[in-house]
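# Structural description and commentary
Spelled out from the first residue to the last, the chains are:
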Amino acid sequence: MIRVTENALEPQPQKKQRGLFNYLFDNQCDIIVSGVPVTHERSRVVDLTFPWTYGCYALLIPAQEQIANIFATIKPFQWPVWLGLFISIICVIISLNILHQQDQLEHPLAERRAGDYYLYVLGILMSQGNACTSNRFVVRVVAGVWTLAAFVFVQAYTSTLFTYVMAPNNPPLINSVYDVIESSDINLLYRTGSTLNVLVSDPDATGIVLKIRNKVIASNSPRCNLISECIAMITPGSRNVFANARSFQVDAVRENFEKTGKCGIELARDCFLVGPAALVLQKHSPYTDAISMGLLHLRESGILEHWLSWFSWMPRQCERQATNGQVKRKKARSLSLKNLTSAFIALLIGFGFSLFAFVCEVLTGIRHRRQSQTSLASVPNVLKGKHLRIIWPRWEGNPKGLSGPLKGGVIIDYLSARLGFTYEMVRITENRLEPAPNQRGLFNYLWDGKCDFLVSSVSTTWERNKIFDFTTPWDYGCLTFLIPVHSETANIKSVVKPFQWPVWVGLVVTVVCVIVVLTLIQRYLLYTEHRSGTESATNMPGNSLSKGQTGRQYVYVFGNLLSQGGPCTSDRISFRFVAGVWTLAAFIFVQAYTSTLFTYVVAPVNQPLINSIYDIAENPDINLLVKKAGTADTMFTNNNWTGFYEKIRDRINSMEDSRCVLISDCIKLVTPGSKNVFIDGYAYQLDAIKEDFKNTGKCNLQLARDTYTCLLVAMVLPKHSPYTDPINKGILELREGGFFDYWDLWFRPMPGQCMENIKNSGFKPPKGRKHPPLSLKNLSGAFLLFLMTAEESFGCDVRSWHSGYRHSLSSLASMPNPLKGQHIRIIWPRWEGNPKGLSGPLKGGVIIDYLAARLGFTYEMVRITENRLEPAPKQRGLFDYLWDGKCDFLVTAVVPTWERNKVVDLTMPWDYTTLSLLIPVHRDIANIKSVVKPFQWPVWVGLIVTAICVVVVLNLIQRYLEYMEHRSSSETAMEPFPNLTRNNSRLNGRAGKQYLYVLGNLLSQGGPCVCNRLSFRLVAGVWTLAAFIFVQAYTSILFTYVVAPVNLPLINSIYDIADSDDINLLMKKAGTPEGILMNNNWTGIYEKIRNRVNSFPDSRCVLVSDCIKFILPGSRNVFIDGAPYQLDAIKQDFEKTGKCNLQLARDSYSTLPIAMALPKHSPYTNPISKGFLELQERGLVNYWDLWFRPMPVQCTENFKPSRLQSSRTQKHPPLSLKNLTGAFLVLLVGISLAFLAFLCEQIISMPGRQRPCRRI
């Protein structure tokens, strides 16, 4: 090791400082082990190895202290909803009061309660109201309608409240580098001599780099030579931001926690300057190839990724502070060099033996790439008329159970028809590739000349490539883990998990305090009444009720907390004030509990057996099964590596049957309840799940969440076979046509019941990330409301950008520039001199200006009228201008194909786009049916049966109690018990009305239990608890259906068009979609698509605007074209109409590279391609999209997330009037019915009122 003091790579002559590269220049060092970003300038002066990692620059910011989020209680609804709710409350109160006053006129002796209905209405809205006490039909209709509407309002409010309760009040200082640029009070720090320092110091910087440079100059940010000096300036409350490589920033967060015990610093959400990092050697070093090969071996074996997980572990308390750095939670342990000494020795010895083979393979690959750039027509088809012998393990003539691709047969048939050869199948019995002692393998057939083509899934390795010819990789497969599905059990403990234990303790203490305070107030009131000694005071109804309720305040307190409490029993202001505060606090507690209960109710009790391969290494009771001589067996057992691999070998060797000849033998051992795990290719595991479901009708198998490693899969021919090139041509055509993925839908239709069992490969949240229980900070609003009786207090469009390293003007000067001083003719279809409506890139003009200034040429525009590339019979195309010498450079979006590459020169791809589907937007209507969707019909049936049973049981108990009281009346008739008479009359009045109590409890509107008998109260208590669970479970999932759109999109993908007979597909005439989908005779989905296009006479249009005219709301037309053109259509339609009438379907069809064209063998192709490389490195191509295509914010949800979508924090949208139309509609209809019933009552009662008048 060489000791250094320099902290920069390149030397800095202006400061007379050396850099690390000086040690290479002076022959004092052979290799620099560091994460050096790869650039063209550095590759000219040093040798860069194969990239060993990909890194980015992250922003280190001070962590913000989170405070209580009290004002979150008003955010779930928009202000129109609050206004509509307020007006509805006033209307209901007025209606009930008018009906009550009219009832007082007809029945003067009735109890006067005018003015108290506002308590009833508000109590129901807060789930604390009593049952309706009036028997008049019209009053009960109004009360019932309001009860239902209030129930929907409360559940909708509850469903979205959790989002705002959990939202942090203090957002991070910044989210990305764009926030640094836009904020004048934030200082950007960076290390002197770093790549960012060189980039910002470039006087030729443009675009966003220029803004950063201006920001640094304007803010006069302090400089630092060491990373520790910069980190010392990131203190709580400061406005400093430090930019450095993400790996160093993660180390800083961890070291800060180890020193202070707190997470005082964190990473901003978005990073920037993403690029590969390599090691550095002297120019033309003889060690470059060997070290690159070693890095390749490390990447293939997955050791690099595993090392990153060791050295980048993060304390559990600071996981949130490093989420953008993609740091996974690992145990705080690391391996020393002694643990991996054998691995390093094996690699070093292997370098010496494989150096010669590596150089030969590199030279062969370079020659092959040069040959592949020529037209395929120049490759002689030596297969035409030949007869081949082919091995396909899954051929029906072979024994069952052999491993091989399902779609191998159709691949052979396609290649045979495309390349014009015949074939015969070779029968085999072997199920391994390489031979073993006393056992043949499939490779023996190639060596013995008994086979010409092996159609199987063969992973590409250096050793195999030395003895065989590999085809172009036709698939990309990952090693996945097949595990048994454990049956889920009842999740009983989930009811206590939504709150942390401090919340439960605080809630219990609060309840006890409220009970004590209410009891003290009640006793004091009784004491003052007793001292007064007046007869009128003791006979007041309120006071007599207070006496009856003395000591039973716990019933009222617990009833409110369970949303089952009755109205306040005292009219004294002190008592009602404490009761009202507790009612509001209990309401917030219940809603917060409800919001997070669903997460734990639906969480599976039994977790999967494993999540990744690291769980197998750490658990000694798990057995790992592998296919004998398979890829996994070779990777894990055919080496002597220690550490992680030694543990995996122990797991395999611990079981006798861990290696099986056939895959089916291993799958038989993966049974429910077992601890066996089988590792193999993703496709074979899907086949196992499908076959098991077909045999048993159940989903007994599933895939673990994480895969291990992904490998390229190819087919094999004998070494130096003359058939390799034509077969590669056929496989390339299959990949371009997208057949491999589509054939999977034919040969591997997965059962819909098991879809959740195969969603792996990183699509689920990381291991161990559970929903956090609510803490005291989350519910500080409820506690503060009770203690201080105050109201609740008050609680970016960011885009990731890439920029390259500094480029001097001498980079192109070192190469011959034939464009310098030339005058060329350019075609750009969107030039203002051409007719409007022609298709072409919006940013073509600025690309031309950049290239002209960078390469030093002048130009003139050529006027055109054609809107197609290739010519047609009696119709010219844009390529004619290149062939006729009238144009030197065609600036448009040209998709590279083999045919075009034969006739024109194609530049380096300057963009990548997808074929997207433009569809009309259907307007959302009122979502009325959403209230019944949270429960499946068996749940509703069970709930109805349960409610009926409870009503029947309560009525039977009630009748039995009446019968017993009637029998005892003869014995107690002469005794003076006036209270017993009152109790019996109250009991008789309630008989037969238990359904009101049962349904009221289920709607969170029931009153207290009216009977003091233990049997009755026991049944009522059980029903109260059961109803509470039902209501909370219903509430937790209701929000999903309330905000769900009623009208789904017209289609989601191109497969919906093929399956629907009433959808018309439109496309541009002679465009890329027509060339892919129409200009062939392929069957399957392509035949269906052609039928859809041909069924509509106007399906092909010359201009894009002609097709878009047919995409109208309510129509069944779909337009397919490049994603940029579809975004332009959405933007232009919004500018014309002010509405978002168009949207993109969820799935695109295919991803295509985009290039530009020049005449064949043009001398300008290389410098223009070099210019495109510089544009890509600086990120200008993507950044120009923000200039020329600013999408309207209102239509953000209408196009698929892409680089144009905002990456700022997305807030949960408050519920709008459209979301709650159902509740308001139910309320309006109910009030109308109540008014109609009121009129009917008045008409019926008119003869009764007129009859006394005639007697007089």
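Residues numbered from 1 in each chain as written. Predicted model: local features only at pLDDT ≥ 70, side-chain atom pairs only at ≥ 80, totals over all residues. Heavy atoms only, no water.

- Looking at an unreviewed UniProt entry, one finds the protein chain named Ionotropic glutamate receptor C-terminal domain-containing protein, with Daphnia sinensis as its source organism.
- The annotation that UniProt attaches to the protein chain under Subcellular location (unreviewed entry) is "Cell membrane".
- Entered under Sequence similarities (unreviewed entry) in the UniProt record, the comment concerning the protein chain runs "Belongs to the glutamate-gated ion channel (TC 1.A.10.1) family." (UniProt positions renumbered as here; feature names shortened; annotations may be inferred.)

### Digging into the overall build of the protein chain
- For the protein chain, the helix and strand inventory stands at 45 helices and 27 strands.
- A buried classification covers 48% of the 1256 residues belonging to the protein chain.
- With the model as given, the accessible surface of the protein chain reaches about 63,300 Å², and the carbon-plus-sulfur share is 59%. (Helix = DSSP H or I, 4+ residues; strand = E, 2+ residues; numbered from the N terminus. Buried < 20%, exposed > 50% of the residue type's maximum accessible area, 1.4 Å probe, protein only. Areas by Shrake-Rupley, 256 points an atom, 1.4 Å probe, with all protein chains shown as cover.)

### Side note on the packing of helix α14 (residues 408-419) against helix α28 (residues 739-747)
- Orientation of α14 relative to α28, taken along the N-to-C sense of each, is 135°, at an axis distance of 11 Å. Here α28 runs oblique to α14, going by the angle between their axes. The way α14 lies across α28 gives a crossing that is right-handed. Each of Val 410, Ile 411 and Tyr 414 in α14 lies in contact with α28, whose residues at this interface are Phe 740, Trp 743 and Phe 747.
- Here the contact of α14 with α28 is composed, by residue class, of six nonpolar, no polar and no charged. (Axes fitted to C-alpha atoms, helices over the stretch in contact; angles between N-to-C directions. Parallel < 35°, antiparallel > 145°, perpendicular 65-115°, else oblique. Left-handed = near helix turned anticlockwise from the far one by under 90°. Contact = heavy atoms within 4.5 Å. Nonpolar A, V, L, I, M, F, W, Y, C, P; charged D, E, K, R; others polar.)

### As for the pattern of salt bridges
- Scanning the entire structure with this criterion turns up 27 salt bridges.
- When the shortest N-O distance is used, the salt bridge between Arg 1146 and Asp 1147 registers 3.0 Å.
- A cluster of three or more residues bridged by salt bridges with shared partners is formed by Glu 6, Arg 18 and Asp 26. (Salt bridge = Lys/Arg side-chain N within 4 Å of Asp/Glu carboxyl O.)

### Quick word on the UniProt feature "transmembrane region" (unreviewed entry) in the protein chain
- Residues annotated by UniProt as "transmembrane region" (unreviewed entry) correspond here to residues 79-99, 145-167, 339-359, 501-521, 937-957, 1022-1044 and 1220-1240.
- The annotated region residues 79-99 carries 100% helix and 0% strand content, and the separation between its end C-alpha atoms amounts to 30 Å.
- In residues 501-521, the share of helix is 100% and the share of strand is 0%. The end C-alpha atoms are 30 Å apart.

### Examining the packing of aromatic side chains
- Following the criterion strictly, the structure yields seven aromatic pairs and no others.
- Three or more aromatic residues joined by ring pairs form one cluster here, namely Phe 443, Trp 447 and Phe 468.
- The ring of Tyr 23 has Arg 18 lying over it, and the distance from NZ or CZ to the ring centre is 5.1 Å.
- Positioned above the aromatic ring of Tyr 881 is the side chain of Arg 876, whose terminal nitrogen or guanidinium carbon lies 4.9 Å from the ring centre. (Phe/Tyr/Trp six-rings, centres within 6.5 Å; stacked < 30°, edge-to-face > 60°. Lys NZ or Arg CZ within 6 Å of the ring centre and 35° of its normal.)

### Some points on unusual backbone geometry
- Phi is positive for His 284, which is not a glycine, with a value near 60°.
- Position of His 284 relative to the elements: it lies in the loop between β7 (272-281) and α11 (288-301).
- One non-glycine residue, Asn 438, adopts positive backbone phi at about 60°.
- Along the chain, Asn 438 falls in the loop between β9 (422-425) and α15 (443-447).

### Looking at helix α31 (residues 844-855)
- Across its twelve residues, α31 extends 16 Å between first and last C-alpha, which sits within 8% of the 16 Å expected from 1.5 Å per residue.
- Among all positions of α31, only Gly 844, Gly 845, Val 846, Ile 847, Ile 848, Tyr 850, Leu 851, Ala 852, Arg 854 and Leu 855 are buried.
- Note on α31: the residue one or two positions beyond its end, Gly 856, has a positive phi of about 75°. (Expected span 1.5 Å × (residues − 1).)

### Concerning the state of the cysteines
- With the rule as written, the count across this model stands at five disulfides.
- With its sulfur 1.9 Å from that of its partner, Cys 699 forms a disulfide with Cys 754. Because the sign of the S-S torsion sets the handedness, a value of about -90° for the bond joining Cys 699 and Cys 754 places this disulfide among the left-handed ones. Taken together, the residues span a long stretch of sequence, with Cys 699 in the loop between α26 (682-696) and β16 (701-703) and Cys 754 in the loop between α28 and α29 (780-788) at a distance of 55 residues.
- Here Cys 754 falls in the buried class, since its relative accessible area comes to 1%.
- With a sulfur-sulfur separation of 1.6 Å, Cys 1101 is cross-linked through a disulfide to Cys 1107. Taking the sign of the torsion about the S-S bond as the criterion, the disulfide between Cys 1101 and Cys 1107, at about -95°, is left-handed. A single burial state applies to Cys 1101 and to Cys 1107, both of which are buried. (Disulfide = S-S within 2.5 Å.)

### Description of the side chain of Ser 403
- Counting through the fold element by element, Ser 403 comes out in the loop between β8 (387-391) and α14.
- What Ser 403 contacts, discounting residues up to four positions off in sequence, is Pro 393, Asn 431, Ser 456, Lys 627, Ile 663 and Tyr 684.

### Considering the pairing of β9
- Bridge analysis of β8 against β9 gives four bridges, and the strand direction is parallel. The residue bridging Ile 390 from the neighbouring strand is Met 425, located in β9.
- One crossover worth recording links β8 to the parallel β9 by way of α14, and it is right-handed. (Pairing = 2+ DSSP bridges. Right-handed = clockwise from strand over helix to strand, strands pointing away.)

### Topic: the packing of helix α27 (residues 724-737) against α28
- Closest axis-to-axis distance for the α27/α28 pair is 6 Å, and the angle between their directions is 70°. The angle between α27 and α28 falls in the class roughly perpendicular. Where α27 abuts α28, its residues Ile 731, Leu 734, Arg 735 and Gly 737 lie against Phe 739, Phe 740 and Trp 743.
- Each residue belonging to the contact of α27 with α28 can be placed in one class, and the counts come to five nonpolar, one polar and one charged.

### Topic: the pairing of strand β13 (residues 623-627)
- Burial of β13 is extensive: five of the five residues sit out of reach of the surface.
- Alternating positions in β13 separate into two faces, Asn 623, Leu 625 and Lys 627 on one and Leu 624 and Val 626 on the other, with burial throughout.
- As paired elements, β13 and strand β15 (residues 676-681) share three bridges and run parallel to each other. Among the inter-strand pairings, Leu 624 is bridged to a residue of β15, identified as Val 677.
- Summarising the sheet, β13 and strand β14 (residues 659-660) pair through two bridges and their orientation is parallel.

### Describing a nonpolar patch on the surface
- Taken together, the side chains of Trp 79, Leu 83, Phe 86, Ile 87, Ile 90, Ile 94 and Ile 98 present a nonpolar region at the surface, about 740 Å² in accessible area.
- By secondary structure assignment, the location of Ile 87 is in helix α3 (residues 79-106). (Patch = residues over 30% accessible without salt bridge, like charges linked within 9 Å, V, L, I, M, F, W, Y side chains within 5 Å.)

### Here we look at the confidence of the model for the protein chain
- On average, residues of the protein chain score 75 in pLDDT, and 73% of them reach the 70 mark or higher.
- Note that residues 534-550 has pLDDT below 50 and, in this model, 15 contacts with residues that lie over four places away or in other chains.
- Long-range and interchain partners of residues 1201-1212, a stretch whose pLDDT sits below 50, account for 36 contacts in this model, where long-range means more than four residues apart. (pLDDT = per-residue confidence, 0-100.)

### With respect to the environment of Val 891
- With respect to the helices and strands, the residue Val 891 is situated in strand β20 (residues 889-894).
- As for Val 891 and Pro 841, which are separated by 50 residues in sequence, their C-alpha atoms are 7.9 Å apart.

### Observations concerning the environment of Asp 657
- Within the secondary structure layout, Asp 657 lies in the loop between α24 (644-653) and β14.
- We classify Asp 657 as partly exposed; its relative accessible area is 48%.
- C-alpha separation for the pair Asp 657 and Leu 625, spaced 32 residues apart in sequence, amounts to 7.7 Å.
- If sequence neighbours within four positions are ignored, Asp 657 has contacts with Leu 625 and Leu 669.

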